[in-house]
Amino acid sequence: MKKLKTENYKGVRDFYPKDVFVQKYIFQTWTKTVESFGFEEYNASLLENSEIYKAKTSEEIINNQTYSFVDRGDREVTLRPEMTPTLARMIAAKKRELSFPLRYYSIPNCFRYERPQRGRLREFWQLNVDILNVKNDKFYDIEVLKLINQLLLNFKATPSDFTIKINSRTLLNSVYENYYEFNENEALAFQRLSDKKDKITDAEFKKEYEKITDKDYKDIVDISDKKVKVQLEYINEIIKAVGIPNIEFDQNIVRGFDYYTGIVFEVFDTNPENNRALFGGGRYSNLIDLFETVKDDVNISGIGFGIGDVPMMNFLESRNLLPEFVSSTDVLVGILSDDEKVIEYADGVANELRANGKNVSINYDWKKVGDYIKMAEKNCIQSVVVIGEKETEERRYEVKRL
Ligand code: HAM
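This next bit is on the sheet that holds strand β13 (residues 331–335). Across a sheet, paired strands are connected by hydrogen bonds in the backbone, their directions being either parallel or antiparallel. Taking strand neighbours across the sheet as the criterion, the four strands line up as β14-β13-β15-β16 in an open arrangement whose pairing is mixed. Of all the strands in the sheet, the pair left with one neighbour each is β14 (360–363) and β16 (400–401). For β13 and β14, the ladder comprises four bridges, and the chain directions are parallel. Paired with Gly-334 across the two strands is Asn-363, which belongs to β14. Across the sheet, helix α12 (residues 369–378) touches β13, β14, β15 (383–387) and β16, and the angle it forms with β13 is around 155°.

The structure is reproduced here in structure tokens:
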């Protein structure tokens, strides 16, 4: 019989204890930070009805990047590529019972059929942080950006390690309308194209532009146009209020999703080797009213962002900000002989240590003292207790700290 390969599925990871340790550190720091800002955790299944992605999402994700299938009952199912549509569905479903505003967070695993590359895999975990349905949007736009800054500082990053770039969809729409003179469809197509601008050549960009519209090609967006003054002022006000040096307006930040309506932002690693958006988000105003429970005139707006564990890990790794692995096991109890009394005493010692709150691993392979020390060192276990005939007779043992 042909033996099986040990490789896993393309673009997903196996997590050995050392990998889990790193991921847990990231999750815990995420959790601690967002909970300190009063966010509460929600969760959902990774299976969603495909239709929730079709209305207002990203053309690229829906056409090329979803894992979708038809189940045995002929339902179209998708493994969530992101959490925001699920959140919108959950909010719409319990609109009457929930007490707004809400501060919600979640750390779901998401699936995208992407070409695996640095910072991008096919399965990743994504912190999602969203504030829903507030009265004074501006203050919460500011709050979310402050939270992002604090989040990175809590990983011991310094302000020179990252830049927050911010733009606005209202500003972009105004530019599309007034400067390019696009109609609604042209504007949407151009917005999607602009999001890809740094991934394609100028010639390709121009070619795609000509497919979108008959209007003359215009290269540079003139943001000093008087008609976008109000939106520029809004962005500048926000930048000022966040009050950090590493936040700036960037007219090239578009974001891939159709649902954004207000500010959009992306956080960049300043390390040139890791020069991709670390994470991103924005304000969305019409996503929740796609659902039947919400009347057309009710507007539930949200502001939030998502961060992947993969780009986060690259960021921390490249700056030596990941903690060294420590085993969750506190003590290794090694037995020196197969004598029944020795085994019984060693079992008792392990139980006593556990009763005192220690995590204890016991070894029944009758190795030597030196082997047990090596074993503990190799597994990053901090203490060793060795039980032989002497310890059993004297009913005493020594905890060796390594
Ligand atoms: P997104 O820009 O598609 O936005 O993803 C946000 C972040 O998730 C990315 O910047 C990156 O850190 C991570 N990410 C995305 N795709 C991958 C991948 N293939 N591998 C590893 N990490 C990845 C959203 O998903 C929005 N739903 C975020 C949001 C929440 N907007 C408002 N609320």
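Here the focus is the site of the ligand. Close contacts around the ligand come from 27 residues, with Glu-82, Thr-84, Glu-114, Tyr-260 and Leu-278 the closest. A distance of 2.7 Å separates a nitrogen atom of the ligand from a polar backbone atom of Leu-121. Computed on the free molecule, the ligand has an accessible area of 660 Å², of which 97% lies beneath the protein chains in the complex. Of all the secondary structure elements, the ones that give two or more residues to the shell around the ligand are β7 (123–132), β11 (277–284), β12 (302–308) and α10 (309–318).

Together, Asp-338, Asp-339, Glu-340, Glu-344, Glu-389, Glu-393 and Glu-394 make up a region of like negative charge exposed at the surface. When contributions to the negative patch are tallied by element, the ones reaching two or more residues are α11 (340–355) and α13 (389–394). No other element matches α13, which puts three residues into the negative patch. In this fold, Glu-393 is placed in helix α13.

Within the element layout of this structure, Lys-165 appears in strand β8 (residues 162–168). Lys-165 sits in the buried class, given a relative accessible area of 18%. Ignoring anything within four residues of it in the chain, the contact list for Lys-165 reads Glu-248, Asp-250, Ile-253, Val-264, Phe-265, Glu-266 and Phe-268.

Among the 10 residues of α10, eight are classified as buried, and the element is accordingly described as predominantly covered. Of all the positions in α10, only Asp-309, Val-310, Pro-311, Met-312, Met-313, Asn-314, Phe-315 and Leu-316 are classed as buried. Backbone geometry just after α10 places Asn-320 at a positive phi near 60°.

Time to look at the pairing of β8. Most of β8 is tucked away, with seven of its seven residues classed as buried. Side chains Phe-162, Ile-164, Ile-166 and Ser-168 project from β8 onto one buried face, and the interleaved Thr-163, Lys-165 and Asn-167 project onto a second face that is buried too. Both β8 and strand β10 (residues 260–269) contribute to a ladder of seven bridges, which runs antiparallel. Looking at the pairing, Ile-164 lines up with Val-267 of β10.

Moving on, we get to the domain arrangement of the protein chain. Per the domain assignment, the segments making up the protein chain are domain 1 (17–318) and domain 2 (331–401). Of note, the centres of domain 1 and domain 2, computed from C-alpha atoms alone, are 52 Å apart.

Here Glu-186 is to be found in helix α7 (residues 184–195). The spatial distance from the C-alpha of Glu-186 to the C-alpha of Glu-266 is 24 Å, given a sequence separation of 80 residues. Once you skip the residues sitting within four places of it in the chain, Glu-186 turns out to touch Glu-181, Ile-212, Thr-213 and Lys-215.

Within the largest apolar cluster, 59 residues are counted, with the highest numbers of intra-cluster contacts made by Ile-26, Trp-30 and Leu-145. In terms of residue count, helix α5 (residues 137–154) provides more of this core than any other element does, seven residues in total. Once residues within four sequence positions are removed from consideration, Trp-30 is found in contact with Ile-107, Trp-125, Gln-126, Leu-127, Leu-151, Phe-155, Ile-307, Gly-308, Asp-309 and Met-312.

Applying the stated criterion across every chain yields a total of 17 salt bridges. Here Arg-13 and Asp-309 are joined by a salt bridge, their closest N and O atoms 3.0 Å apart. In this pair, Arg-13 is assigned in the segment before α1 (17–36) and Asp-309 in helix α10, connecting sequence segments 296 residues apart. Here Arg-13 and Asp-309 have matching classes, each one buried. Between Asp-137 and Arg-283 there is a salt bridge, with its nearest N and O atoms 3.4 Å apart. You can see Asp-137 sitting in helix α5 and its partner Arg-283 sitting in strand β11, a full 146 residues away along the chain. Judged by relative accessible area, Asp-137 falls into the partly exposed class, the value being 27%. On the accessibility criterion, Arg-283 (4% relative accessible area) is buried. Salt bridges sharing common partners tie together Asp-137, Asp-141 and Arg-283.

Rules used in this analysis
- Per chain, the residues get numbers from 1 upward, laid out in the order the sequence is written.
- Totals for whole chains, interfaces and linings use every residue, but because this is a predicted model, local features are given only for residues with pLDDT of at least 70 and side-chain atom pairs only at 80 or more, for both listing and counting.
- Each side-chain value is derived from all of the structure's non-hydrogen atoms; neither hydrogens nor water enter the calculation.
- In this scheme, strands are said to pair when DSSP sees at least two bridges between them.
- In this text, helices come from DSSP runs of H or I with a minimum length of four residues, and strands from runs of E with a minimum of two, each type numbered from the N-terminal end.
- When checking whether two residues touch, look at their non-hydrogen atoms; a contact exists if any pair is within 4.5 Å.
- Only the stretch in contact is used when a helix axis is fitted, and all axes are lines through C-alpha atoms; the angle between N-to-C directions ranges over 0 to 180 degrees.
- We call a residue near a molecule or strand as soon as one heavy atom of that residue lies within 4 Å of the molecule or strand.
- We call two N or O atoms a polar contact when they sit within 3.5 Å, provided that within protein one can donate a hydrogen and the other can accept it, with sequence-adjacent residues counted only if both atoms are side-chain atoms.
- For every accessible area listed, the method is Shrake-Rupley and the probe measures 1.4 Å; residues are considered covered only by the protein chains on display.
- Exposure above 30% relative accessible area and the absence of a salt bridge qualify a residue for a patch, where like charges join within 9 Å and nonpolar side chains (Val, Leu, Ile, Met, Phe, Trp, Tyr) within 5 Å.
- The term salt bridge refers to a pairing of a side-chain nitrogen on Lys or Arg with a carboxyl oxygen on Asp or Glu at a separation within 4 Å.
- Two residue types count as positive, namely Lys and Arg, and two as negative, namely Asp and Glu; His and chain ends fall outside the count.
- For this purpose, a charge sits on NZ of Lys, CZ of Arg, CG of Asp or CD of Glu.
- Accessibility here uses a 1.4 Å probe with only protein chains present; expressed as a share of the type maximum, an area under 20% marks a residue as buried, one over 50% as exposed, and anything in between as partly exposed.
- Domain delimitation follows an automatic or database domain assignment.
- Put simply, a nonpolar core is a bunch of buried Ala, Val, Leu, Ile, Met, Phe, Trp, Tyr and Cys residues held in one set by side-chain atoms that sit within 4.5 Å of each other.

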